[in-house]
Each structure stands twice: as structure tokens, then as C-alpha cells.
Amino acid sequence: QTQVTCDSQCKGPDSWHELNGDCKKNRQSPINIVTRKTILDHKLTPFIFSGYQEAFSSTMKNNGHTVTATVPQSFTVRGGNLESTYKAVQFHFHWGVNGSAGSEHTIDGEQYPMEMHIVHMKEEFDSLKNALMVKHGVAVLGFFYEKSNSANSKYGKLIEALTKLESTDATTMLSGLSLSNLLPSEENMTNYYRYEGSLTTPNCTEGVVWTVFEHPIPLSNEQLVAFTSLKFKDGKPMIKTFRPVQPNHGYPVYRSGC
Ligand code: 1SD
Ligand code: ZN
């Protein structure tokens with residue numbers, strides 16, 4: 001494998017395969033989900049979350065590509081035809097320019113303004129690095145955002161914290177967060193898509209179990225724009241933090257529902 005010598009900001013997504021060959025393999029993420037081609041799978045039952053309702057303290061960081069927030073590994077998800085229990089590790093976001101198109105996955109060609117990924121690893125692993133060495137070692141839950149007329153008060157604290165994360169490598173501690181507060185209600189999480197893909201950033205490792213929820217989370221335009229106050233390493237506004245959709249090569253995408 002080629003060593004990553006340059007980060008994903010100094011070389012755009014089109015040349016990521018120069019950084020790591022996996023980025024041009026054929027089960028890459030994100031993808032455009034063509035709903036009429038999805039396969040209904042009755043095994044895609046509702047998820048069982050543990051810890052998601054508890055308040056926790058998170059270290060948030062501008063890592064030069066996005067903002068990440070740590071999650072206690074005691075928080076887990078199972079069910080939804082996942083092959084085991086997975087521990088939450090961190091969540092982060094992908095966005096566009098000033099509240100316009102910025103999600104990674106698209107649905108029938110529609111790109112949402114933002115997408116959150118909650119990255120999980122199988123419970124027997126102690127690091128993402130180790131979990132990524134195994135097929136299905138990592139499971140990512142993806143959530144879309146939609147623009148709404150009013151601010152989403154559940155995101156007040158998190159968005160306020162972005163003001164402390166303008167420069168690359170800045171970190172801040174945020175307490176009193178709860179994942180279930182940031183997510184759609186459980187009854188709005190029963191419709192989702194499932195496929196096997198990859199990390200959306202180098203090294204683009206494949207074998208990642210993707211779940212993309214249908215129901216978007218509302219945020220006001222101002223709240224969406226707040227993410228672009230972060231800066232890349234070169235001091236420019238952090239915009240377009242998404243990888244464009246990759247060819248799906250006819251691999252199956254399943255959908256839950258009845
Ligand atoms: O882009 C993230 C990356 O920042 C890192 O969190 C990685 C897991 O080590 O996951 C990718 S993604 O596929 O969740 N976008
Ligand atoms: Zn991501």
C-alpha cells in the first residue's frame with residue numbers, strides 16, 4: 001500500500017487513489033442510492049441503541065478535514081441485521097458551501113445540505129485501526145440534514161462549540177450532549193438503506209457496513225452555515241467536506257420497511 005504523504009485537502013478526491021490504491025476499488029463510498037433499485041430486506045429491523053440517551057462529555061476537534069466529536073465506547077448499537085454489537089467511537093459531519101448541497105450520499109440524485117456519520121467498531125476491537133483490518137469490523141450510521149425555517153434547539157450547544165474550533169487542531173470539551181437528542185426519534189429511524197462500502201476518506205478502506213437513514217434532521221440555514229466558520233489548515237473556510245458519489249458497479253443496496 002502506498003503511504004499517505006499528503007492529506008486529503010492538498011489533493012482532492014479525484015487523486016486520492018494516488019494516496020492509496022483502495023480509493024479506486026469498486027465498493028467505494030459514498031454512493032447515489034437509486035431507490036427503485038433497492039432491495040426490500042425484512043431482516044433490516046429497528047436498531048437497539050444503548051447509552052444513546054445518556055448525557056456525556058465529548059472532545060470536539062477541528063482535524064483539518066471536518067469537526068469530530070468523541071463518544072464513550074460504552075454506547076452501542078445492535079439489531080438492524082448488524083452481525084454483532086458495535087461500539088460508538090466518534091461522530092463527524094460533511095457539508096457544502098453556506099448551507100447548500102453537502103451530503104456524501106445522495107438519494108435519487110438529491111444531495112442534502114449536510115450528513116453526519118457516527119462511526120462504530122465491532123465490540124471485540126479496541127481501535128478503529130484494528131477494526132478496519134476485518135470485513136464488517138466498522139459500521140457507520142449516516143444521517144441527512146435538511147434546511148428548516150427555525151433553529152433546531154437540540155443542536156444549540158454543539159453549534160455554539162464550533163466557534164471555539166475555528167483553527168485546525170483546536171479542541172474543546174462539551175458536556176451534556178446526548179446522541180438521541182441529535183438524532184431523529186426512534187420511530188423515524190426505522191426506514192434506512194444498507195450496503196457494503198468504504199471509508200469516504202483515505203485510506204478508503206472497504207468492508208465497511210453502511211446504514212443511511214431516510215429521515216433528515218432539520219437545521220436552520222444559520223446553523224448549517226455555522227460549520228463553515230471552521231478553517232482548513234491553510235486558513236481558508238472549511239467548505240465542501242464531502243467526497244463525491246462513487247460508481248456502485250451494480251452492488252446491492254437494501255432497504256428496510258414493510
Ligand atoms: O471521514 C471519516 C474519517 O474522518 C474517519 O473518521 C474515518 C474513520 O476512521 O471515517 C471516515 S467516514 O467514512 O466515516 N467519512
Ligand atoms: Zn464521514
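Heads up: these notes are all about the structure in this document.

Rules used in this analysis
Residues numbered from 1 in each chain as written. Chains lettered and ligands numbered in written order. Predicted model: local features only at pLDDT ≥ 70, side-chain atom pairs only at ≥ 80, totals over all residues. Heavy atoms only, no water. Donors = N, O, S within 2.8 Å, 3.2 Å for Na, K, Ca; no water. Tetrahedral: all angles 85-135°; square planar, octahedral: opposite > 155°, others 65-115°. Buried < 20%, exposed > 50% of the residue type's maximum accessible area, 1.4 Å probe, protein only. Near = heavy atom within 4 Å. Polar contact = N/O pair within 3.5 Å; in protein donor to acceptor, adjacent residues only side chain to side chain. Areas by Shrake-Rupley, 256 points an atom, 1.4 Å probe, with all protein chains shown as cover. Helix = DSSP H or I, 4+ residues; strand = E, 2+ residues; numbered from the N terminus. Nonpolar A, V, L, I, M, F, W, Y, C, P; charged D, E, K, R; others polar. Contact = heavy atoms within 4.5 Å. Pairing = 2+ DSSP bridges. 1 Å grid on protein atoms, 1.4 Å probe; cavity = no way out; pocket = protein on both sides within 12 Å on 5 of 7 lines; lining within 4 Å. Points joined across faces, edges and corners; volume = space filled by probe spheres on them.

### Focus: the coordination of the zinc ion (ligand 2)
The protein atoms that coordinate the zinc ion (ligand 2) are His92 (NE2), His94 (NE2) and His117 (ND1), at distances spanning 2.0 Å. Because the angles between the 4 donor atoms bound to the zinc ion (ligand 2) fall within 98 to 115°, the donor set is best described as tetrahedral. All donors of the zinc ion (ligand 2) belong to a single chain; written as a sequence motif, their spacing is H-x1-H-x22-H. Note on accessibility: His92 and His94 belong to one class, buried.

### Observations concerning the site of ligand 1
As a matter of local geometry, ligand 1 sits amid Gln90, His92, His94, Glu104, His117, Val119, Leu128, Leu199, Thr200, Thr201 and Trp210. Within the side chain of His92, a nitrogen or oxygen atom sits 3.3 Å from a nitrogen atom of ligand 1. At a separation of 3.1 Å, an oxygen atom of ligand 1 approaches a polar side-chain atom of Thr201. Expressed as a share of its isolated accessible area of 360 Å², the protein-covered part of ligand 1 is 86%. Taken together, the elements giving at least two residues each to the shell around ligand 1 come down to strand E7 (86–95) and strand E10 (114–122). Looking at the shell around ligand 1 element by element, the count peaks at 3 residues for E7. Of the residues contributing to the shell around ligand 1, the split by class is 4 nonpolar, 6 polar and 1 charged.

### A few points about the side chain of Thr38
On the secondary structure map, Thr38 appears in the loop between strand E1 (32–33) and strand E2 (39–40). You can call Thr38 buried: its relative accessible area is 8%. Among the polar contacts listed, one links the side chain of Thr38 to the backbone oxygen of Thr35, at a separation of 2.6 Å. Setting aside chain neighbours within four positions, we find Thr38 in contact with Ile33, Tyr193, Val253 and Arg255.

### Re the sheet that holds strand E8 (residues 106–107)
Judged by pairing direction, the sheet is mixed, and its 3 strands sit side by side in the order E1-E8-E9 without closing on themselves. Strands at the two margins of the open sheet, each flanked by one partner only, are E1 and strand E9 (110–111). Taken together, the 2 bridges between E8 and E9 define a ladder with antiparallel strand orientation. When the sheet's bridge partners are listed, Ile107 is paired in E9 with Glu110.

### Describing empty space enclosed by the protein
Inspection of every chain in the model, using the stated rule, returns 1 cavity of 30 Å³ or more. Of the voids in this model, the largest cavity is the one considered here, and its volume is about 60 Å³. Residue composition of the lining of the largest cavity, grouped by class: 5 nonpolar, 3 polar and 2 charged.

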